[in-house]
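Descriptive analysis of the structure
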Amino acid sequence: MSLAARAMFPKGKEPRYAFEALISMLPEIVLNFGTDGISMKALDPSKVALLQLEFTAGGLEEYSVDHDVKIGLILSTVKDALKRVGATEKLEIGVDEERQRFVMMVYPKKGREAGIYRRFSFPIVQLAEEEIPEINVEYDASFEMDSSTFDDMMALAENVSDAVTIQVGPDSVVFSAEGEGGRGAMSEFGRDSESLYDVNAQGAVKAKYSVELIRNVSGKLKSISKRVKAELGDAKPLRLTYEFATGRFVMVLAPRAD
């Protein structure tokens, strides 16, 4: 089988969870296979969140492209197959231009030499790639923290509200949420906290965001990225960056006005 583009991931969990995060937010994507790697960029249907995913050629076990390739995928078609990819299994993806198929092959940890694999293929569809302007924002504050702890804080906020307020000061990060009937939740992390790796702010900044949309991403990516970097400002978008061995995932989320 001749593939115009081919990529081998050393561990299946990274593409699996990155794609599952996309599936929770988007109905379809355009994947770009270029000389530097694989990328996609899209707005969610509500136009509230910008999502970017990159797999770098240097981070992959194998990567080859005959020429730049763009394909459209309906994400619901690959959802069930992704669930069959084990964390330590190898995953190979590719583009069969002749048959207009997106191909996934799952190998044991040993790879092709094991002599066994599972193969899935999905139709490539024609999608109009949306023109998305660059978002140039000067952020007033940033912090890095343990990604599992960050997701726990989002889950805590989600228990009482559909929104979370994030406040960053020179030495602390505070997550808070207020719900109906006077219910509330709040957690504060100081500079010396084991879960807070870094915090930068000239003064106090605060903004409110949809906790559901954050959790769509944080709940998946905590499994493949130890840290999350957050950048924000007063009534400015929130930028979350997750880096992992084969690439990175970025979400830019508009603030809530209420």
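Residues numbered from 1 in each chain as written. Predicted model: local features only at pLDDT ≥ 70, side-chain atom pairs only at ≥ 80, totals over all residues. Heavy atoms only, no water.

Structural notes on the overall build of the chain
Within the chain, the secondary structure is distributed over four helices and 18 strands. Summarising its shape, the C-alpha atoms of the chain cover approximately 60 × 35 × 35 Å along the three principal directions. Contacts in the chain between residues at least 24 apart in sequence constitute 67% of all its contacts with a sequence separation of at least 6. Put simply, the chain has 32 plus and 41 minus side-chain charges, and the middle of one group is 6 Å from the middle of the other. (Helix = DSSP H or I, 4+ residues; strand = E, 2+ residues; numbered from the N terminus. Contact = heavy atoms within 4.5 Å. Lys, Arg positive; Asp, Glu negative; His and termini not counted. Charge placed at Lys NZ, Arg CZ, Asp CG, Glu CD.)

Notes on the sheet that holds strand β18 (residues 247–253)
Strand order across the open sheet formed by nine strands is β6-β2-β3-β4-β18-β17-β16-β10-β14, with antiparallel pairing between neighbours. The open sheet has two edge strands with one neighbour each: β6 (69–74) and β14 (196–201). Averaged over all neighbouring strand pairs, the angle between strand axes comes to 15°, with direction disregarded. For strand β17 (residues 238–244) and β18, the ladder comprises seven bridges, and the chain directions are antiparallel. By the bridge assignment for β18, Tyr242 is matched with Phe249. (Pairing = 2+ DSSP bridges. Axes fitted to C-alpha atoms, helices over the stretch in contact; angles between N-to-C directions.)

Considering the layout of surface pockets
One number sums up the size of the largest pocket: a volume of about 270 Å³. Lining the largest pocket are 16 residues, with Glu28, Ala42, Leu43, Ala128 and Glu130 sitting closest to its centre. Breaking the lining of the largest pocket down by element, the ones donating at least two residues are β2 (28–34) and β3 (37–43). The residue inventory of the lining of the largest pocket, partitioned by class, reads ten nonpolar, no polar and six charged. Taken together, Asn32, Ser39, Met40, Lys41, Gln52, Leu53, Glu54, Glu129, Glu130, Glu131 and Ile132 make up the full set of residues lining the second largest pocket. Considered class by class, the residues forming the lining of the second largest pocket number three nonpolar, three polar and five charged. (1 Å grid on protein atoms, 1.4 Å probe; cavity = no way out; pocket = protein on both sides within 12 Å on 5 of 7 lines; lining within 4 Å. Points joined across faces, edges and corners; volume = space filled by probe spheres on them. Nonpolar A, V, L, I, M, F, W, Y, C, P; charged D, E, K, R; others polar.)

What about the packing of helix α1 (residues 13–23) against helix α4 (residues 211–221)?
Packing of α1 against α4 leaves a shortest axis separation of 9 Å and a crossing angle of 170°. Relative to α4, the element α1 lies roughly antiparallel. Residues Tyr17, Ala18, Glu20 and Ala21 of α1 touch α4, and the partners they reach there are Asn216, Val217, Lys220 and Leu221. Looking at the contact of α1 with α4 residue by residue, the classes come out as five nonpolar, one polar and two charged. (Parallel < 35°, antiparallel > 145°, perpendicular 65-115°, else oblique.)

A closer look at the nonpolar core
Counting 78 residues, the largest nonpolar core has Phe33, Phe143, Phe175 and Phe249 as the members making the most contacts within it. Ignoring sequence-local partners within four residues, the contact set of Phe175 consists of Phe143, Met145, Phe150, Met153, Met154, Val164, Thr165, Ile166, Ala185, Met186, Ser187 and Phe189. Counting residues in each nonpolar core, the second largest holds five residues, with Leu3, Met8, Val103 and Met105 among its members. (Core = buried A, V, L, I, M, F, W, Y, C linked by side-chain atoms within 4.5 Å. Buried < 20%, exposed > 50% of the residue type's maximum accessible area, 1.4 Å probe, protein only.)

Re the environment of Tyr63
Along the chain, Tyr63 falls in strand β5 (residues 62–65). Residue class for Tyr63 comes out buried when judged on its relative accessible area of 19%. Excluding anything up to four places from it in sequence, Tyr63 contacts Arg6, Ala7, Phe33, Gly34, Thr35, Gly37, Ile38 and Ala57. In this structure the side chain of Tyr63 is engaged in a polar contact, spanning 2.6 Å, whose partner is the backbone oxygen of Gly34. A distance of 3.1 Å separates the side chain of Tyr63 from the backbone oxygen of Gly37, its partner in a polar contact. (Polar contact = N/O pair within 3.5 Å; in protein donor to acceptor, adjacent residues only side chain to side chain.)

A closer look at the environment of Val30
Turning to its location among the elements, Val30 is positioned in strand β2. Overall, the relative accessible area of 15% leaves Val30 in the buried class. Measuring from C-alpha to C-alpha, the distance between Val30 and Ile71 comes to 5.5 Å, with 41 residues separating the pair along the chain.

Remarks on unusual backbone geometry
Here the phi dihedral of Gln100 falls at roughly 55°; this positive angle occurs in a residue that is not glycine. Topologically, Gln100 is positioned in the loop between β7 (90–96) and β8 (101–107). In the Ramachandran plot, Ala235 falls in the positive-phi region, its phi being about 55° despite a non-glycine side chain. By the secondary structure assignment, Ala235 is in the loop between β16 (227–232) and β17. Judged by its relative accessible area of 63%, Ala235 is exposed.

Overview of the pattern of salt bridges
All told, the structure shown has 16 salt bridges when counted by the stated rule. A salt bridge links Lys222 to Asp151, with the shortest nitrogen-to-oxygen separation between them at 3.0 Å. Here the residue Lys222 occupies a position in the loop between α4 and β16, and Asp151 occupies one in helix α3 (residues 147–158), the gap between them amounting to 71 residues. According to the relative accessible area criterion, Asp151 is buried, its value standing at 0%. A cluster of three or more residues bridged by salt bridges with shared partners is formed by Asp151, Glu158, Arg215 and Lys222. (Salt bridge = Lys/Arg side-chain N within 4 Å of Asp/Glu carboxyl O.)

In short, geometric facts, not functional conclusions.
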